[in-house]
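# Structural features, examined
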Amino acid sequence: MSLYGYTAADAATNCICDLRSDTLTKPSAGMREAMMAAPLGDDVYGEDPTVTRLEQELAARLGKDAAVFFPTGTQSNLAAVMAHCGRGDEMISGDRYHLYCDEAAGASVLAGVSMVPVTTSEDGGLDPDRIAAAIKMDDPHYARSRLLSLENSVGGRVVPLKRIEAGVHVARDAGLAVHLDGARLFNAITALGCDAATFAAPFDTISVCLSKGLGTPAGSVLVGPDALMGQIRRNRKILGGAMRQSGVLAAAGLYALEHHVPELVSDHARAARLAEALRATGIGEVSSQTNMVFLTPKAGDHARLIGHMAQAGIKIGGQSPAIRMVLHRDVDDGALDSAIAAFRSFTSS
Ligand SMILES: Cc1ncc(COP(=O)(O)O)c(C=O)c1O
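A brief report on the enclosed structure follows. (Residues numbered from 1 in each chain as written. Predicted model: local features only at pLDDT ≥ 70, side-chain atom pairs only at ≥ 80, totals over all residues. Heavy atoms only, no water.)

### Brief notes about the site of the ligand
Surveying the vicinity of the ligand reveals the residues Thr72, Gly73, Thr74, Asn77, His98, Glu103, Glu151, Asp181, Ala183, Arg184, Cys209 and Lys212. Here an oxygen atom of the ligand sits 2.9 Å away from a polar atom, N or O, in the main chain of Gly73. Between an oxygen atom of the ligand and a side-chain N or O atom of Lys212, the distance comes to 3.0 Å. Contact with the protein chains covers 80% of the free accessible surface of the ligand, which is 390 Å². (Near = heavy atom within 4 Å. Polar contact = N/O pair within 3.5 Å; in protein donor to acceptor, adjacent residues only side chain to side chain. Areas by Shrake-Rupley, 256 points an atom, 1.4 Å probe, with all protein chains shown as cover.)

Below, the structure written as C-alpha cells:
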C-alpha cells in the first residue's frame, strides 16, 4: 500500500472508477489538441506567447495586476510565502490547510519562515479571534507576524466570503499580508455563484491550480500586485520552477479555463448524487460539498469496505476515519453508477 492506498501495480489494473482525487484527471482530447497547436517560445526569456496569455487571462479574471505560471501549486504557494516573508518571519495558517500540513514544511525548510497553525473550524474557515490571538506583538523576543495564509475550498468545503473577510480584516489591522491557496478556487466560485474578481478581492496573492478538477497535466498560476511580481518571478527561479517552452502546459490551462471550468458544476452534481445514494444505504456518516464526499463507515467496516470496493474496481481514498471521494471529469455517470452499485452491494452483503 502507498500513501494513496494502492500499489503502482494495483493502480494499473481493474479500475472502473477512481474516486481518490481530482489530480488523477488526464487531459481531454480537446486539451491535447490545444497543447499541440500552442505557439511557443522560451518563457525564461519572456518569449512564450501562450504562457503570457494564460498569465494575463487569470490576472484579468481575478482582478489582479499580473500573474506568474508555476509547475505546481506547492511551488507557487512557497514563492508567495517568500514574497511576503523574510527569514525569521512568521506566517499564520489553518492547521488543516495544505500549505501547513502537506507541503513538507517547505516554508520553514527553504524560506526560514515559521508556521503558526490556527485551529481550522468545521466550515474550513479560521475564527477571527484565533487569528488575532496568533498575531505576535513587535518585540525582539518574537518572530515577526507577516502573513495570513488562507485556503478555499478546504476539503471540498467552501468558506463563506463574509467569514474570510472577517479574518482578513484582523490581519490587515495588524499590517499582515494575506495569501490564498486557491487550489480549487473555481470549484468554490462555482458553488458560490459569484464572480472570480469578487472572490479574489480580499487577497494580495492567490495560487490557483490547473491540474486538479480543471484537468491539466501540470501547472498553477500565482496572481498578485505588480509590486510583487519581480520578486515572485525571482522566487520561481530560486526554487527551480522557471520553465522554457511551457506554453505546451499553459495551452492546457487556457483550454481548461474556457471549456472545463463551466463543466465543474457536473462534478458537484455527481458528488451530491453519490452522497445521497450513500445516505440511503445507511453505510455510515456522509458529508459532501463541491466535488468531494466524505464517508465515515460504521465501526469495524473501514478496511472491509475499501477491500470490497477495490474488488469491484472502484478506488476510494484510504483515509481514516473518514474516507475521501472526489468527483472529477474522468468519472462519468456510468462510472458513478458502478460505484454506487458497489456500495449498495456492500451494505446488502
Ligand atoms: C489545497 C491544495 N493546495 C495546494 C496543493 C498543491 O498542489 P501541487 O500538487 O500542484 O503541488 C494541493 C494538491 O493537492 C491542494 O490540494
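### Describing the pattern of salt bridges
Tallying each qualifying case throughout the model produces 18 salt bridges. Here the residues in one salt-bridge network are Asp123, Asp127, Arg130 and Arg163, joined through shared partners. (Salt bridge = Lys/Arg side-chain N within 4 Å of Asp/Glu carboxyl O.)

### Quick look at the nonpolar core
Judged by nonpolar contacts, the single largest core of 53 residues is most densely connected at Leu150 and Phe186. Considering every element that reaches this core, the biggest residue donor is helix α12 (residues 247-260), with six residues. With residues up to four places along the chain from it excluded, the contact list for Leu150 reads Tyr97, Leu126, Ile164, Val168, Val178, His179, Leu180, Asp181 and Phe203. (Core = buried A, V, L, I, M, F, W, Y, C linked by side-chain atoms within 4.5 Å. Buried < 20%, exposed > 50% of the residue type's maximum accessible area, 1.4 Å probe, protein only. Helix = DSSP H or I, 4+ residues; strand = E, 2+ residues; numbered from the N terminus. Contact = heavy atoms within 4.5 Å.)

### Re the sheet that holds strand β6 (residues 177-182)
Strand order in the open sheet formed by seven strands is β2-β8-β7-β6-β5-β3-β4, and the pairing between neighbours is mixed. Every other strand in the sheet has two partners, leaving β2 (66-70) and β4 (114-118) as the edge strands with one partner each. Across this sheet, the average inter-strand angle for adjacent strands is 20 degrees, counted without regard to direction. Pairing of β2 with strand β8 (residues 220-224) involves five bridges; the strand directions are antiparallel. From the neighbouring strand, Val68 faces β8, where its bridge partner is Leu222. With respect to the sheet, helix α8 (residues 161-173) is in contact with β5 (144-151) and β6, its orientation differing from that of β5 by roughly 170 degrees. (Pairing = 2+ DSSP bridges. Axes fitted to C-alpha atoms, helices over the stretch in contact; angles between N-to-C directions.)

### Side note on the packing of helix α14 (residues 302-311) against helix α15 (residues 333-348)
In the contact formed by α14 and α15, the axes pass within 10 Å of each other and the chain directions differ by 135 degrees. Judged by the angle between their axes, α14 and α15 are oblique. Like other packed secondary-structure pairs, α14 and α15 cross with a definite hand, here right-handed. For the pair α14 and α15, contact is made by Arg304, Leu305, His308 and Met309 and by Ala339, Ala342, Phe343, Ser345 and Phe346, respectively. Split into classes, the residues belonging to the contact of α14 with α15 amount to six nonpolar, two polar and one charged. (Parallel < 35°, antiparallel > 145°, perpendicular 65-115°, else oblique. Left-handed = near helix turned anticlockwise from the far one by under 90°. Nonpolar A, V, L, I, M, F, W, Y, C, P; charged D, E, K, R; others polar.)

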